[in-house]
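Structure assessment
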Amino acid sequence: MSTTSAVPGDGTTAAAPEVPRSRIVVASMVGTSIEFFDFYIYATAAVLVFPKLFFPAGNDTTALLASFATFGLAFVARPIGSIVFGHFGDRIGRKATLVGSLLTMGLATFLIGLLPTYAAVGLWAPALLALMRFTQGVGLGGEWSGAALLATETAKPGKRAWAAMYPQLGAPIGFFFANGIFLLIVMITGYDSANSATDHDFLTWGWRIPFLLSAIMVIIGLYVRLKLEETPVFKLAVERGQKVKTPLAEVFKTSWKQLIIGTFVMLATYTLFYIMTTWVVSYGTGKVSDVNGPKITIAYTDFLELQLIAVLFFAALIPVAGLLADKYGRRPTLIVITAAIVLFGLSFNWFAAPETATAGRMLVFMCVGLGLMGLTFGPMSAVLPELFPTNVRYTGSGISYNTSSILGAAVAPFIATWLVSSYGVGWVGVYLAIVAVLTLIALIVMKETRDQQLENV
């Protein structure tokens, strides 16, 4: 049986010696890489493919908004996934639940690659796409919190934020591979989003390849996760008889304040990320016009290359954030970073106004935005689990994380598209700044969690 050792004042529980740290790192990082790969290929297709093949009626902006609305549907599903998988994660354990969440999202993603289009089956096409998107969201709703708990509940003394950054690295890794594969397929097929017809090879079969390839990645993720053991913190809770029959009811009864704080702590992170990865593609490639000037018309392949460079800043700064959060604490680190996000939001008009924006300036814009994303995202898989007791930690952290996705990510591309076409790109930044202020308030209210011992929370 695994053993645990608490270090007073350190706030961590040492991993059991028979659980190889390398296996935990790989399982938490590879699993979330797969999950985010699945999620991001949909985000890319929401701009490039679905408006033409699944929502062809009306003008380009209307089709794009309809596609973004379906994109946001998964975020509505994610809290449901966090409740369902959180229940089993807190009742039967982290390992089995992580396997279930991976299978749920992986199967939905694979099936998207097989869907018929609007031209073939009419309204059934967007309906089936919406159903698969909803299922994706349910799976991801249970994925992140499980991976975060796997990392934090097995962390070495004094290194909990550092350990917890590995699941976060799955986001840029998944993003890089998703967009990289799309870029490769676009280049091979010679697709031009501005001029190519709907019978082009890319729109006929090329876009389906990333969705179908996800099956291979899911098999790899399952292989790694099935070799895991249960976390020592959860085992100790079971030995103490601390499991509850209904984690959902318990978390709302005992930890409702933490649910609210956790939701708003994540809000700026979500909004920033989906503005800088989903909305910015439609803006930078001319899918939507700024009301104050001409379209930015960077070619899609060129823009995707810029994004792939910028995402390296995202990946590089996640470990930096983990180190800072362990050294200085979660709260002060995130307060400084969130204040920087406010300032970044107020700079949108300088960076991205259509009359002055160039490819070089847009690259700097995305590097700064995704760099800030790495800094704010890095500590989150430590912060949210630390807010909740072990017997409701899976449920509580998942609900906070995924409810925030509705308030932030689900509506961010839609609101930003409307703002830029109605008032200009500067107001997109104001929107981000307002959201970041709400996160600052939540951080000020939140208590520091670095020194808490997870088995005693």
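This structure is a prediction, so every number in the text was calculated from the model and none was measured.

1. Looking at the overall build of the protein
Looking only at helices and strands, the protein has 21 helices and 0 strands in total. Relative to the globule expectation of 23 Å for 457 residues, the C-alpha radius of gyration of the protein, 21 Å, shows essentially globular dimensions. With respect to the three principal axes, the spread of C-alpha positions in the protein is 65 × 45 × 35 Å. Sorting the 457 residues of the protein into buried and exposed places 60% on the buried side. Contacts spanning at least 24 positions in sequence make up 85% of the contacts within the protein whose residues lie at least 6 apart. For the protein, the computed accessible surface area is about 16,200 Å², with 70% contributed by carbon and sulfur atoms. Both charge centroids of the protein, one from 29 positive and one from 24 negative side chains, sit 7 Å from each other.

2. A few points about the packing of helix α1 (residues 21-48) against helix α9 (residues 208-225)
For the pair α1 and α9, the least separation of the axes is 9 Å and the interaxial angle reads 165°. Judged by the angle between their axes, α1 and α9 are roughly antiparallel. Read as a crossing pair, α1 and α9 show a hand that is left-handed. Taken together, the residues of the contact of α1 with α9 break down into 13 nonpolar, 5 polar and 3 charged.

3. Here we look at the nonpolar core
Core analysis: the largest hydrophobic core is formed by 123 residues, its most contacted members being Phe 50, Phe 202, Trp 207, Tyr 274, Met 362 and Phe 365. Counting residues per element, this core draws most heavily on α1, which supplies 13 residues. Sequence-distant contacts of Trp 207, that is, excluding residues within four places in its chain, are made with Val 49, Phe 50, Leu 53, Phe 54, Ile 112, Phe 182 and Phe 202. Formed by 11 residues, the second largest nonpolar core is a distinct cluster that contains Ala 77, Leu 149, Val 224 and Tyr 394.

4. Comments concerning the environment of Leu 114
For Leu 114, the location among the structural elements is in the loop between α4 (94-112) and α5 (118-121). As a C-alpha pair, Leu 114 and Leu 212 span 98 residues in sequence and 8.0 Å in three-dimensional space.

5. Brief notes about the pattern of salt bridges
For the structure on display, the rule yields 8 salt bridges. Residue Arg 94 is joined to Asp 90 by a salt bridge in which the shortest nitrogen-to-oxygen separation is 3.0 Å. You'll find Arg 94 and Asp 90 in the same group, each marked buried.

6. Overview of the side chain of Glu 153
Along the chain, Glu 153 falls in the loop between α6 (124-152) and α7 (160-189). In this structure the side chain of Glu 153 is engaged in a polar contact, spanning 2.9 Å, whose partner is the side chain of Arg 393.

7. Description of α7
Compared with the 44 Å implied by 1.5 Å per residue over 30 residues, the 45 Å span of α7 between its first and last C-alpha is a close match. At Tyr 166, α7 shows its largest kink, close to 35°, and the proline Pro 167 lies no more than four residues downstream. Most of α7 is tucked away, with 21 of its 30 residues classed as buried. Looking one or two residues beyond α7, the residue adopting positive phi is Gly 190, at roughly 70°.

8. What to know about the side chain of Ser 101
Tracing the sequence through the fold places Ser 101 in helix α4. Every residue in contact with Ser 101, bar those within four places of it in the chain, is listed here: Glu 35, Phe 85, Gly 139, Gly 142, Glu 143 and Arg 225.

9. Describing the packing of aromatic side chains
Enumeration over the complete set of coordinates arrives at 25 aromatic pairs. An aromatic cluster of at least three residues, connected via ring pairs, comprises Trp 144, Phe 175, Tyr 270, Phe 273, Tyr 274, Phe 314, Phe 377 and Tyr 401. Arg 133 extends its terminal NZ or CZ atom over the ring of Tyr 42, reaching a point 4.1 Å from the ring centre. Across the ring face of Trp 350, the terminal group of Arg 361 is positioned such that the distance to the ring centre comes to 4.3 Å.

10. Things to note about α9
Spanning 18 residues, α9 covers 27 Å between terminal C-alpha atoms, matching the ideal 26 Å at 1.5 Å per step. Buried residues along α9 sit against α1, α2 (50-53), α4, α6, α7 and α8 (201-206).

11. Things to note about the environment of Glu 239
Assignment of secondary structure puts Glu 239 in helix α10 (residues 232-239). Residue Glu 239 is classed as partly exposed on the basis of its relative accessible area, which comes to 47%. Remark: the alpha-carbon pair of Glu 239 and Gly 424, spanning 185 residues in sequence, is separated by 58 Å.

12. Here's the deal with a nonpolar patch on the surface
Together, Phe 176, Phe 177, Ile 309, Leu 312 and Phe 313 line one region of the surface with nonpolar side chains, adding up to about 460 Å² of accessible area. Listing elements by their share of the nonpolar patch, those giving two or more residues are α7 and α14 (300-328). Per element, the largest residue contribution to the nonpolar patch is 3 residues, and it comes from α14. Structurally, Phe 177 is set in helix α7.

13. Focus on the confidence of the model for the protein
A residue-level look at the protein finds 93% of positions with pLDDT of 70 or above and a mean pLDDT of 85. In the predicted structure, residues 1-17 sits below a pLDDT of 50 and forms 57 contacts with residues beyond four places in sequence or in another chain.

The rules we used
Residues numbered from 1 in each chain as written. Predicted model: local features only at pLDDT ≥ 70, side-chain atom pairs only at ≥ 80, totals over all residues. Heavy atoms only, no water. Helix = DSSP H or I, 4+ residues; strand = E, 2+ residues; numbered from the N terminus. Rg over C-alpha atoms; globule rule 2.2 N^0.38 Å. Buried < 20%, exposed > 50% of the residue type's maximum accessible area, 1.4 Å probe, protein only. Contact = heavy atoms within 4.5 Å. Areas by Shrake-Rupley, 256 points an atom, 1.4 Å probe, with all protein chains shown as cover. Lys, Arg positive; Asp, Glu negative; His and termini not counted. Charge placed at Lys NZ, Arg CZ, Asp CG, Glu CD. Axes fitted to C-alpha atoms, helices over the stretch in contact; angles between N-to-C directions. Parallel < 35°, antiparallel > 145°, perpendicular 65-115°, else oblique. Left-handed = near helix turned anticlockwise from the far one by under 90°. Nonpolar A, V, L, I, M, F, W, Y, C, P; charged D, E, K, R; others polar. Core = buried A, V, L, I, M, F, W, Y, C linked by side-chain atoms within 4.5 Å. Salt bridge = Lys/Arg side-chain N within 4 Å of Asp/Glu carboxyl O. Polar contact = N/O pair within 3.5 Å; in protein donor to acceptor, adjacent residues only side chain to side chain. Expected span 1.5 Å × (residues − 1). Bend = angle between axes of the 7 residues up to and from the residue. Phe/Tyr/Trp six-rings, centres within 6.5 Å; stacked < 30°, edge-to-face > 60°. Lys NZ or Arg CZ within 6 Å of the ring centre and 35° of its normal. Patch = residues over 30% accessible without salt bridge, like charges linked within 9 Å, V, L, I, M, F, W, Y side chains within 5 Å. pLDDT = per-residue confidence, 0-100.

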